[in-house]
There are 2 protein chains.
Amino acid sequence: MSQARLIALDWGSTRLRAFLLGASGEVLQTRQSDDGAATLKGAAQYAGALAALVGDWRADHPGIQLLACGMVGSQYGWREAPYVRCPADAVALSAQVLKLDECLSIIPGLVDDTAQPDVMRGEETQIVGALALHPELADDACLVLPGTHAKWARVEAGRVTGFATHMTGELFALLRQHSVLARLMPADGSSPPSPEAFLRGVDAAREGGGLAHQLFAVRTLGLFKQLAPEQLPDYLSGLLIGHEIASELNNATQRLALIGDPALCARYAQALARFDQPAPLLLDNTAPAGLWRLAQSMSLI
Amino acid sequence: MSQARLIALDWGSTRLRAFLLGASGEVLQTRQSDDGAATLKGAAQYAGALAALVGDWRADHPGIQLLACGMVGSQYGWREAPYVRCPADAVALSAQVLKLDECLSIIPGLVDDTAQPDVMRGEETQIVGALALHPELADDACLVLPGTHAKWARVEAGRVTGFATHMTGELFALLRQHSVLARLMPADGSSPPSPEAFLRGVDAAREGGGLAHQLFAVRTLGLFKQLAPEQLPDYLSGLLIGHEIASELNNATQRLALIGDPALCARYAQALARFDQPAPLLLDNTAPAGLWRLAQSMSLI
């Protein structure tokens with residue numbers, strides 16, 4: 001373990017992921033816990049969650065630096081880190097890092113305020129990581145980070161020039177659990193996936209029409225037995241992801257990359273194919289690479 | 001009370017409204033209870049709710065007919081009434097009435113299955129009522145019934161030729177209560193209305209962009225204090241109603257009429273003005289007039 005150089009923390013709303021990085025930024029160890037920012041309140045709880053997950057790493061490597069990104073830096077987090085305005089790159093982000101103490105810093109978020117303001121926390125670091133791992137994206141690309149609040153970020157000349165959030169994942173969860181559409185569906189998690197139903201939802205979104213209207217078809221297709229109850233969640237997912245893609249493809253003529261959970265990214269890739277898009281680059285969580293790159297930019301390592 | 005001729009029941013998911021109608025269909029008395037179809041299960045409960053609300057009317061007028069519309073006829077209702085296919089008029093609806101017993105009948109719903117199937121229960125009767133009260137709408141009009149599941153119905157040559165449901169009201173309630181957008185808002189019902197915020201939401205919808213994206217601005221406009229917490233619900237309402245209107249105006253070059261709760265219809269009228277539409281006709285609940293017209297068509301009266 002002597003070569004450990006940085007503890008990288010991807011600290012989102014629902015999960016804390018820790019990566020022990022070696023002398024070249026390689027991941028030596030990975031750990032995670034459910035101590036997300038949404039479950040913690042006050043500095044003591046954050047410090048406790050951190051000690052519980054990586055206390056031994058810190059003891060084994062006295063003085064090792066910790067660098068965190070994500071909702072840990074929100075106004076409800078450990079302490080509020082600023083938002084850096086677009087266009088921005090790794091240098092701009094590292095210049096506004098929040099130093100919590102001698103050993104722990106938090107990466108700022110990004111704001112795009114060209115129209116209605118839009119914000120991200122955590123994804124800016126994943127984007128920096130994606131560009132570090134794939135420099136060919138830096139010139140002109142669209143980076144898509146699916147999730148509860150999916151982000152579509154434009155990258156030009158190495159900088160994030162703008163981005164848009166889509167509440168796709170949150171809408172899915174709300175409609176799946178609390179809406180009239182849930183009534184005809186089996187209990188959460190009990191249904192096998194239906195790629196056909198998913199693509200049928202994507203195709204409906206491609207044809208156009210208001211989302212609030214098309215959602216009602218989840219009910220009627222079930223009511224008239226054109227879809228089985230266990231297919232309805234996938235149809236709903238296809239509709240929502242399809243609407244997200246339809247509204248973003250106008251802007252995205254650049255090369256596309258998908259970053260995040262492989263199963264979710266695979267869904268987006270399937271949907272993009274339905275929109276006659278070339279196969280996107282698929283990247284797993286690039287937060288460790290981003291934190292490494294930012295630590296270099298800050299001369300932390 | 002000797003002139004009472006029909007008990008008209010507008011029996012939706014959340015409320016039972018009863019109207020005692022006179023010899024010309026005029027409303028003699030009105031009552032309502034919270035015994036909506038969503039709260040009742042099984043014939044005994046329905047019969048009990050009915051007896052509690054209008055038992056004395058029936059005793060005072062032995063043999064009086066009762067005619068009901070709405071979710072009372074759904075598959076989770078008292079008994080399932082059929083769906084009549086579009087195009088349909090009062091005659092087509094009355095031909096498929098469900099006779100529950102010698103005194104009580106339920107109006108069927110409507111289905112538009114030209115594309116994804118769409119359904120209504122209760123609104124078909126309000127449409128019949130609107131056309132009875134305003135025959136000038138029968139030739140060519142678009143009838144809009146705002147609500148939990150708003151309906152946009154096209155009427156040509158006296159028949160409903162097609163319609164679309166928008167889950168606008170349900171999305172508002174879900175997002176207002178359960179989403180990340182609710183966090184910055186004051187507790188439900190405590191905020192004074194903000195017409196400015198409502199129209200700002202409508203204007204954002206007019207400018208276009210995906211709904212799932214634009215919704216996130218409810219959070220960021222609060223976060224950056226461009227809207228006060230108590231304005232956020234109205235902005236959300238404007239966004240959702242604006243998106244509904246934007247997606248329907250393509251189809252609706254006809255005369256527009258708004259039917260239902262006056263306060264909600266007034267919001268739609270304000271939003272329509274923002275889309276440069278002429279002032280729509282505003283109608284309060286037309287279910288009693290519709291049930292009277294259908295009772296005539298069935299020769300019940």
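Up top you'll find the structure we're talking about.
Residues numbered from 1 in each chain as written. Chains lettered and ligands numbered in written order. Predicted model: local features only at pLDDT ≥ 70, side-chain atom pairs only at ≥ 80, totals over all residues. Heavy atoms only, no water.

Asker: Looking at this model, I keep getting lost on the interface of chain A and chain B. Mind explaining?
Answerer: Many analyses report the size of an interface as the accessible area lost when the parts associate. If you look at the interface, chain A gives 42 residues, while chain B gives 42 residues. Carbon and sulfur atoms make up 71% of the surface buried where chain A meets chain B, a total of about 3500 Å² over both sides. The largest share of the area that chain A buries against chain B comes from P117, M167 and F216 of chain A, three residues that together contribute 17% of it. On inspection of chain A and its partner chain B, the count reaches zero salt bridges. The interface formed by chain A and chain B includes ten residue pairs in polar contact (both at pLDDT 80 or more). Going through the elements one at a time, strand 9 (118-120), strand 12 (159-166), helix 4 (168-178), helix 5 (195-206), helix 6 (211-214), helix 7 (216-223) and helix 8 (232-249) of chain A are the ones with two or more residues in the side of chain A that touches chain B. Here the side of chain A that touches chain B is composed, by residue class, of 24 nonpolar, 13 polar and five charged. (Contact = heavy atoms within 4.5 Å. Buried area = accessible area lost by both parts, 1.4 Å probe. Salt bridge = Lys/Arg side-chain N within 4 Å of Asp/Glu carboxyl O. Polar contact = N/O pair within 3.5 Å; in protein donor to acceptor, adjacent residues only side chain to side chain. Helix = DSSP H or I, 4+ residues; strand = E, 2+ residues; numbered from the N terminus. Nonpolar A, V, L, I, M, F, W, Y, C, P; charged D, E, K, R; others polar.)

Asker: How should I be thinking about the pairing of strand 10 (residues 140-145) of chain A in this particular structure?
Answerer: If a strand is regular, its side chains alternate between the two faces of the sheet. Residues and elements named next belong to chain A. Extensive coverage of strand 10 is indicated by the burial of five of its six residues. Relative to strand 11 (residues 150-156), strand 10 runs antiparallel, the two being bridged by six bridges. Paired with V144 across the strands is W152, a residue of strand 11. Count of turn residues in the strand 10/strand 11 antiparallel hairpin: four residues, of which G147 carries a positive phi of about 155°. Alignment of strand 10 against strand 13 (residues 255-259), held across four bridges, turns out to be parallel. Looking at the pairing, V144 lines up with L258 of strand 13. (Buried < 20%, exposed > 50% of the residue type's maximum accessible area, 1.4 Å probe, protein only. Pairing = 2+ DSSP bridges.)

Asker: Help me out: how do you make sense of the packing of helix 3 (residues 123-133) of chain B against helix 10 (residues 287-297) of chain B in this one?
Answerer: Relative orientation and spacing of two packed helices are given, respectively, by the angle between their axes and the distance between those axes. All names here are of chain B. As a packed pair, helix 3 and helix 10 sit with axes 7 Å apart at the nearest point and diverge in direction by 85°. With respect to helix 10, the axis of helix 3 lies roughly perpendicular. Contacts between helix 3 and helix 10 involve T125, Q126, V128, G129, A132 and L133 from the first element and A287, A289, G290, L291, R293 and L294 from the second. For the contact of helix 3 with helix 10, the class distribution of residues is seven nonpolar, four polar and one charged. (Axes fitted to C-alpha atoms, helices over the stretch in contact; angles between N-to-C directions. Parallel < 35°, antiparallel > 145°, perpendicular 65-115°, else oblique.)

Asker: Before we go on, may I ask you to explain the sheet that holds strand 12 of chain A in this structure?
Answerer: Whenever strands of a sheet pair, they do so through backbone hydrogen bonds, lying parallel or antiparallel. Residue and element names in this part refer to chain A. With mixed pairing, five strands are arranged side by side in an open sheet as 12-11-10-13-14. The outermost strands of the open sheet, each flanked by one partner alone, are strand 12 and strand 14 (281-283). Shown here is a sheet whose adjacent strand axes are inclined to one another by a mean of 20°, direction ignored. Relative to strand 12, strand 11 runs antiparallel, the two being bridged by seven bridges. Of the residues in strand 12, the one forming a bridge with K151 is T165.

Asker: Please clarify how the environment of Q32 of chain A should be interpreted in this entry.
Answerer: All names here are of chain A. Topologically, Q32 is positioned in strand 3 (residues 27-33). With a relative accessible area of 48%, Q32 lands in the partly exposed category. The spacing of Q32 and L9 is 23 residues in sequence and 9.5 Å in space, taken between C-alpha atoms. With sequence-adjacent residues up to four places away left out, Q32 is seen in contact with R15, L16, R17 and L53.

Asker: Explain the sheet that holds strand 11 (residues 150-156) of chain B to me, please; I cannot follow it from the model alone.
Answerer: Residue and element names in this part refer to chain B. Read from one edge to the other, the open sheet built from five strands follows the order 12-11-10-13-14, with strand pairing classed as mixed. In this open sheet, the two edge strands, each paired with only one partner strand, are strand 12 (159-166) and strand 14 (281-283). Taking each pair of neighbouring strands and ignoring which way they run, the sheet shows an average axis angle of 20°.

Asker: Can you walk me through the nonpolar core in this structure?
Answerer: A general tendency of soluble globular proteins is for nonpolar side chains to be buried together. Ranked by internal contacts, the top residues of the largest apolar core, which has 54 residues, are L181, L215 and Y235 of chain A together with L181, L215 and Y235 of chain B. If we ignore the near neighbours within four places in the chain, the residues touching L215 of chain B are M167 and L171 of chain A together with L175, L181, L236, L239 and L240 of chain B. (Core = buried A, V, L, I, M, F, W, Y, C linked by side-chain atoms within 4.5 Å.)

Asker: In this structure, what is going on with the environment of Q254 of chain B? I would like to understand it.
Answerer: All names here are of chain B. The residue Q254 is located in the loop between helix 8 (232-249) and strand 13 (255-259) in this model. By relative accessible area, which is 12% here, Q254 ends up buried. Residues contacting Q254, with those up to four places away along its chain left out, are D140, A141, C142 and R154.

Asker: When you look at the relation of the copies chain A and chain B in this model, what are you seeing that I'm missing?
Answerer: One copy of the chain maps onto the second through a rotation about an axis and a displacement along it. Taken as rigid bodies, chain A and chain B are interconverted by a rotation of 180° and an axial shift of 0.0 Å, the fit giving an RMSD of 0.0 Å. Here the copies are linked by what is in effect a two-fold axis. (Least-squares fit on C-alpha atoms with pLDDT ≥ 70 in both.)

Asker: Any chance you could explain the side chain of H243 of chain B here in plain terms?
Answerer: Position of H243 of chain B among the secondary structure elements: in helix 8. Setting aside anything within four residues of it in sequence, one finds H243 of chain B in contact with A205, G209, G210, L211 and Q214 of chain B.

Asker: How do you make sense of helix 5 of chain A when you look at a structure like this?
Answerer: Residue pairs three or four apart in sequence face the same way in an α-helix, which turns once every 3.6 residues. Residues and elements named next belong to chain A. Taking 1.5 Å per residue as the helical rise, helix 5 with its twelve residues ought to reach 16 Å, and the 16 Å between its terminal C-alpha atoms agrees with that figure. Residues of helix 5 that are buried: A197, F198, L199, G201, V202, D203, A204 and A205. Buried residues along helix 5 sit against helix 6, helix 8 and helix 9 (262-274). Looking one or two places after helix 5, you find G208, whose phi comes out positive at around 85°. (Expected span 1.5 Å × (residues − 1).)

Asker: Even after reading the chapter, I still don't get the pattern of salt bridges, so can you show me in this structure?
Answerer: When the charged atoms of two side chains lie near each other, side chains of opposite charge can form a pair. Residues and elements named next belong to chain A. For the structure on display, the rule yields 16 salt bridges over all chains. In this structure, D112 engages R154 in a salt bridge whose closest nitrogen and oxygen atoms are separated by 4.0 Å. In this pair, D112 is assigned in strand 8 (residues 109-112) and R154 in strand 11, connecting sequence segments 42 residues apart. For R154, a relative accessible area of 24% gives the class partly exposed. Ionic pairing is found between D203 and R206, a salt bridge with its closest N-O pair at 3.6 Å. With a gap of three residues between them, D203 and R206 both fall in helix 5, about one helical turn apart. Sharing partners across several salt bridges, the network here consists of D203, R206 and R274.

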